[in-house]
Amino acid sequence: MKKISLILITTFLLAFNANAGSDGELNLREQPKKVKDCFEGINRATFAFNQSLDKAIIKPLAEGYRNLPDPIQKGTHNFVTNLSSLVTIPNNVLQGDIKLAVINTARLVVNSTVGILGTIDVANGMGFPKYEKEDYGQTLATWGFGPGCYVVLPVLGPSTLRDTTGSFMNILGGDPYYNASMHGNNEFLNENVYMATKAVEGIDFRSNNIESFDNLEVNSIDFYASVKSLYLQDRENKINNIRKGNIEIFYKNEEDWEEIDKN
Amino acid sequence: MKKIFLVLLFLNLNILNVFSVEPDVFVQSTVNRASEILTKNISKEDKINNLKEIAKETVDIEGVGFYSLGSARKSLNNEQKIKYLKLFEDYFLKSFSSRLSEYTNPEIDVLSKKVLSENYTIVNSVLKETAERPEVKIDWRIYTKNKDNPLIRDLIIEGLSLARTQKEEFASILSSNDGNINSLFQSLEKFSSN
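Thresholds, definitions, all that
- For every chain, the first residue of its written sequence is number 1, and the numbers climb from 1 along that sequence.
- Working convention: letters from A go to chains and numbers from 1 go to ligands, in the order in which they are written.
- Given that this is a predicted model, residues contribute local features only at a pLDDT of at least 70 and side-chain atom pairs are listed and counted only at 80 or more, while totals for whole chains, interfaces and linings are drawn from all residues.
- Water and hydrogen atoms were dropped before computing side-chain values, which therefore reflect all heavy atoms in the structure.
- For this analysis, residues touch if any pair of their heavy atoms sits within 4.5 Å.
- What counts as buried area is the accessible surface, traced by a 1.4 Å probe, that two parts surrender upon association, with contributions from both included.
- When a carboxyl oxygen of Asp or Glu lies within 4 Å of a side-chain nitrogen of Lys or Arg, that pair is called a salt bridge.
- Two N or O atoms count as a polar contact when they lie within 3.5 Å, although within protein this holds only if one can serve as hydrogen donor and the other as acceptor, and sequence-adjacent residues are included solely when both atoms are side-chain atoms.
- The secondary structure listing takes helices from DSSP runs of H or I that are at least 4 residues long and strands from runs of E that are at least 2 residues long, numbered from the N terminus.
- Here, two cysteine sulfur atoms that lie within 2.5 Å of each other are counted as a disulfide.
- Burial status follows relative accessibility: with a 1.4 Å probe on protein chains alone, a residue under 20% of its type maximum counts as buried, one over 50% as exposed, and anything between as partly exposed.

Undergrad: Would you take a moment to explain the interface of chain A and chain B for this structure?
TA: Listed as interface residues are 29 residues of chain A and, on the opposing side, 40 residues of chain B. Both sides of the chain A and chain B interface together cover about 3,000 Å² of buried area, and 50% of this is carbon and sulfur. Where chain A touches chain B, the interface holds one salt bridge. Put simply, Glu-236 of chain A and Arg-164 of chain B hold a salt bridge, and the shortest N to O gap is 2.9 Å. There are eleven residue pairs in polar contact (both at pLDDT 80 or more) connecting chain A and chain B. Looking at the side of chain A that touches chain B, the elements that each hand over two or more residues are α2 (40-66), α10 (210-218), α11 (223-239), α12 (247-250) and α13 (255-262) of chain A. Top element by residues in the side of chain A that touches chain B is α11 of chain A. It accounts for eight residues.

Spelled out as structure tokens, the structure:
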């Protein structure tokens, strides 16, 4: 029953995204349409709640995490990054990038074995290409689904309806680590281990961005809007694979800049 | 007479060439100046003041200001434009210098450049990795309309445009206040006076 509800929610969100983000035209490689903040009031309230939660719990934990010896931090970071390959690989396939799926599978095997459960990034030392995470939200985008409205999720932070739908895919069978933890019949993994891994992943991310967030907050006149803008830019870049060299897409739209010279 | 004219023309072209500044050289020289200030053993306040002077010389503050305003700039009268540009300059210099002053000993290497149009060149650089932070890619949007005096119009850090972020922040403030430009003026004033 729970699974049926999730599938229904996902289907609804997908149908909504396709129209909300695209205005009926699905052209991914065109200049991205402005993402609407349909629930701004609720989003701002959730953002304020997340900030309080961050100040009270997450940031102090991230600061504590930073006091751990460097090899432990590095090993933890490598471990959670290696686990994310389990989601990246199926998404490489779904996006039609079979070659990258093969490379990432080899990376996962090498790092999980020689690299002691992924705590050492052996593949990087062996000259594997730089690892880029892929998720179901990115895959939906490459299939032509628009971002839909911008949303701020409690605890999890900024997202869009499409990316939230993508996250649902993880618990609908798209994440082998989730499946093994929740439904796998083994003595090593269970729900608590899965949740702990996700919490550590979040703290690892936060600890790497303490100064950046502080700096951004101090230098913003509307912190909510800054975070929203940066999140959406980052998603656009990831969907367009900017870091893999598609830089010409990034600088394609010159209209805004050219326009100010006419005034 | 023709010969004199040709000599003069040649000299003129040479002079133009001498004063024309390549965008990548301009960026490297600017970051070297900023880096020198950031590594100096002076107070943070002095660092901020020195960085502000560099920003005034090298950033097209007026251009960035109008870009950040988006379509709202079209509805401003002259008096509002003058007021906005003054408020924006104060806001920008404070925000820009405050962000930069957090870095100590930043080493930036200029790697390449890509001419986008007659008016714009993108200069690619990297902020070198340290024990505290990984390598950071920084692209610079350089306004090259005046070849003798290129100016920075945007910094794109790991693909995230500072100008675009600022523009969307301003748009959010305007939209939350029914497009009232005075609300933006107040926010800028508040930021600069804190």
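Undergrad: Looking at this structure, how should I read the state of the cysteines?
TA: What we call a disulfide is simply a covalent bond connecting the sulfur atoms of a pair of cysteines. Residue and element names in this part refer to chain A. Inspection of the entire model under this criterion finds one disulfide over all chains. Linked covalently through their sulfurs, Cys-38 and Cys-149 form a disulfide whose S-S length is 1.8 Å. Judged by the torsion about the S-S bond (-75°), the Cys-38/Cys-149 disulfide is left-handed. In this pair, Cys-38 is assigned in the loop between α1 (2-20) and α2 and Cys-149 in the loop between α6 (136-142) and β1 (150-153), connecting sequence segments 111 residues apart. According to the relative accessible area criterion, Cys-38 is partly exposed, its value standing at 40%. Under the relative-accessibility criterion, Cys-149 is labelled buried at 3%.

Undergrad: So what exactly am I meant to see when it comes to unusual backbone geometry here?
TA: Outside of glycine, negative phi angles account for most residues, and trans bonds account for most peptide bonds. Residues and elements named next belong to chain A. Phi at Ile-116 is positive, roughly 50°, even though this residue is not glycine. Counting through the fold element by element, Ile-116 comes out in the loop between α4 (98-113) and α5 (122-125). We classify Ile-116 as exposed; its relative accessible area is 52%.

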